[in-house]
Amino acid sequence: MKYISTRGGCAAVTAPEAILKGLAPDGGLYCPEKFPTLSPDRLPAMVKMNYTQRAAEILEMFIPDLSGGSLRQAAEKAYAKFPVPVKPLDGKISLLELWHGPTCAFKDIALQILPELMSLSAKKLSDNRKFHILVATSGDTGKAALEGFRDREGFSVLVFYPQNGVSETQRLQMVTQEGGNVRVCAVNGNFDDSQTGVKAIFADDTIELNNTVLSSANSINLGRLLPQVAYYVSAYCDMLASGAIKNGQMLDITVPTGNFGNILAALYAKMIGLPIGKLICASNSNNVLADFLATGVYNRRRELRLTTSPAMDILVSSNFERALFHLSGGDAELVRDLMKNLAENGSYTAPESLKKTFDNTLTGGWCDESRVSGTIKSVWENEKYLLDPHTAVGVAVARENISENPMLVVSTASPFKFTEAVCESIGADGDTIEALGKITKITAPEPLRNLGSKAIRFTDVVEKTEMKDYMISNL
């Protein structure tokens, strides 16, 4: 297995090399040169496996360089302590709950194993340098990265998050983070400002870090993306086991989408052979992706709206570049041109042939804040199931796209991470974790309890132009 850049300006590398580099030297993202194949007869066999075993099997397909037991051990370390269940919602929709990890968001599934993958990759390549993990977060990735790399030898972590652009629970999770090798800093600006700043740091070849290498825990890193493929395969297996689907039957999947990595992993699952029908990309009021899928025009020249689903408050979805590359048949020149237009002009238009390929692969939809709140309310009243705002976006858009196929909606975060929005939606008095638990009689996940009593460790705020200097001074 070799991995190539979406922009075609550098040599192919192995998976361990791609995982350690994060971003390709030409500014592109590493992608599989060709996809492995998941044979249809493997799924019934995988039904008998647990999540750890399924994840290891999928990872070995993409990262054969690390096979031979090491990936199975890594998966065991990462996933032995939390489930990845599929829950039926209303007879038409099932929810894939990805938030039972240590930070109560779907990012845990990738970021609990990413440190293991990076350590294994460094050992494979006899690379004894230290790694500085640089992260821009819209809320969940930051905490998951901090927790995953906390006190891990050979690694340090710096997380930038948008000031006033995350929920209070998300902020508290980050600024109270324990560990001697972690640091957190707010940026005056939005997530796109933070993400642009981090990308600029990676592209700056004047930075000298001695024996330390910059790497990423964002979903631009192949080691973040590939573990996410496994939970779509696992969900299909669980639905086979429950009788919700028959082997070979198409499964439609709706993914609430911000930076596009989560739905890209579903596209990868489809490309290796998982029977997936429609892939539905669900957006909030920042509907740049829904507009592209409808018109073929990607236009970030619009106001970024701050919503109750902050992980989706993004106008430049980094992983969308990988989708452009794959669905254009690996046309790196086209991708370079489109990305150049986006950087210089704030927009690009897909060629008609590429637009048709997208039409056959992805469907887009979005909903505004009132419908997000109404969906949380109706699902609670009718099903006694509590949705977070991101999952509510997914459910609302999925309901518009029900077909003869079973529908799976990705549930990305615990509702207790967004208590202000959830309490208001269901008419609960108060806006705290305690208030939400009291009215719903649902116990909040253990990692979120007593957050308010933890010591604040990080209070720094910088301008977006100061991010590089801040990183260098705090290494």
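Whatever comes next refers back to the structure up there.
The following paragraphs examine the structure supplied in this document. (Residues numbered from 1 in each chain as written. Predicted model: local features only at pLDDT ≥ 70, side-chain atom pairs only at ≥ 80, totals over all residues. Heavy atoms only, no water.)

### Observations regarding helix H3 (residues 51-62)
Thought 1: The end-to-end C-alpha distance of H3, which contains 12 residues, comes to 17 Å, matching closely the 16 Å that a straight helix rising 1.5 Å per residue would cover.
Thought 2: Judged by how many residues are buried, H3 sits mostly within the fold: nine of 12 residues are covered.
Thought 3: When H3 is considered as a whole, its buried residues turn out to be Tyr51, Thr52, Arg54, Ala55, Ala56, Ile58, Leu59, Met61 and Phe62. (Helix = DSSP H or I, 4+ residues; strand = E, 2+ residues; numbered from the N terminus. Expected span 1.5 Å × (residues − 1). Buried < 20%, exposed > 50% of the residue type's maximum accessible area, 1.4 Å probe, protein only.)

### Thoughts on the sheet that holds strand S3 (residues 86-88)
Across a sheet, strands are paired by hydrogen bonds formed along the backbone, either parallel or antiparallel in direction.
Thought 1: Here we have six strands laid out as an open sheet, ordered S3-S4-S14-S9-S10-S13, and mixed in their pairing. Each of the sheet's edge strands pairs with one partner strand only, and the pair in question is S3 and strand S13 (362-366). Within this sheet the neighbouring strands show an average axis-to-axis angle of 25°, counted without direction. (Pairing = 2+ DSSP bridges. Axes fitted to C-alpha atoms, helices over the stretch in contact; angles between N-to-C directions.)

### Describing the pairing of strand S7 (residues 182-188)
Across a regular strand the side chains alternate sides, sitting on one face of the sheet and then on the other.
Thought 1: For S7, the buried fraction is high: five of the seven residues fall into the buried class.
Thought 2: Bridge count between strand S6 (residues 155-162) and S7: six bridges; the pairing is parallel. Within S7, the position partnered with Leu158 by the bridge is Arg183.
Thought 3: In this sheet, strand S15 (residues 461-463) lies alongside S7 in parallel orientation, the contact comprising three bridges. Each bridged residue has a counterpart across the sheet, and for Ala186 the counterpart in S15 is Val461.

### Observations concerning the state of the cysteines
Thought 1: Tallied over the full model, the rule gives zero disulfides.
Thought 2: Unpaired in this structure, Cys423 has its nearest cysteine sulfur neighbour in Cys104, at a distance of 16 Å. (Disulfide = S-S within 2.5 Å.)

### Quick notes on the pattern of salt bridges
Thought 1: Tallied over the full model, the rule gives 19 salt bridges.
Thought 2: Of the charged contacts in the structure, one is a salt bridge between Arg7 and Glu321, with a shortest N-O distance of 2.8 Å. You can see Arg7 sitting in the loop between strand S1 (3-5) and helix H1 (15-21) and its partner Glu321 sitting in helix H13 (residues 320-327), a full 314 residues away along the chain.
Thought 3: The exposure class of Arg7 is partly exposed, given its relative accessible area of 22%.
Thought 4: The exposure class of Glu321 is buried, given its relative accessible area of 5%.
Thought 5: Asp140 is the partner of Lys417 in a salt bridge, and the nearest nitrogen-oxygen pair spans 2.7 Å. Separated by 277 residues along the polypeptide, Lys417 in the loop between strand S14 (407-411) and helix H18 (419-426) and Asp140 in helix H7 (residues 140-149) bring together distant segments of the chain. The pair formed by Lys417 and Asp140 is uniform in burial state, with each residue classed as buried.
Thought 6: If you follow the salt bridges from partner to partner, you end up with Lys143, Glu147, Arg150 and Glu178 in one network. (Salt bridge = Lys/Arg side-chain N within 4 Å of Asp/Glu carboxyl O.)

### So, the pairing of strand S4 (residues 93-97)
Thought 1: Burial within S4 is extensive, with five of its five residues counted as buried.
Thought 2: Neither face of S4 is exposed, since Ile93, Leu95 and Glu97 on one face and Ser94 and Leu96 on the opposite face are all buried.
Thought 3: Sheet topology places S3 next to S4; three bridges connect them, and they run antiparallel. In the sheet register, Lys87 faces S4, and the bridge partner there is Leu95.
Thought 4: Between the end of S3 and the start of S4, which pair antiparallel, lie four residues, with Gly91 showing a positive phi angle near 90°.
Thought 5: Pairing of S4 with S14, which is carried by five bridges, proceeds in the parallel orientation.

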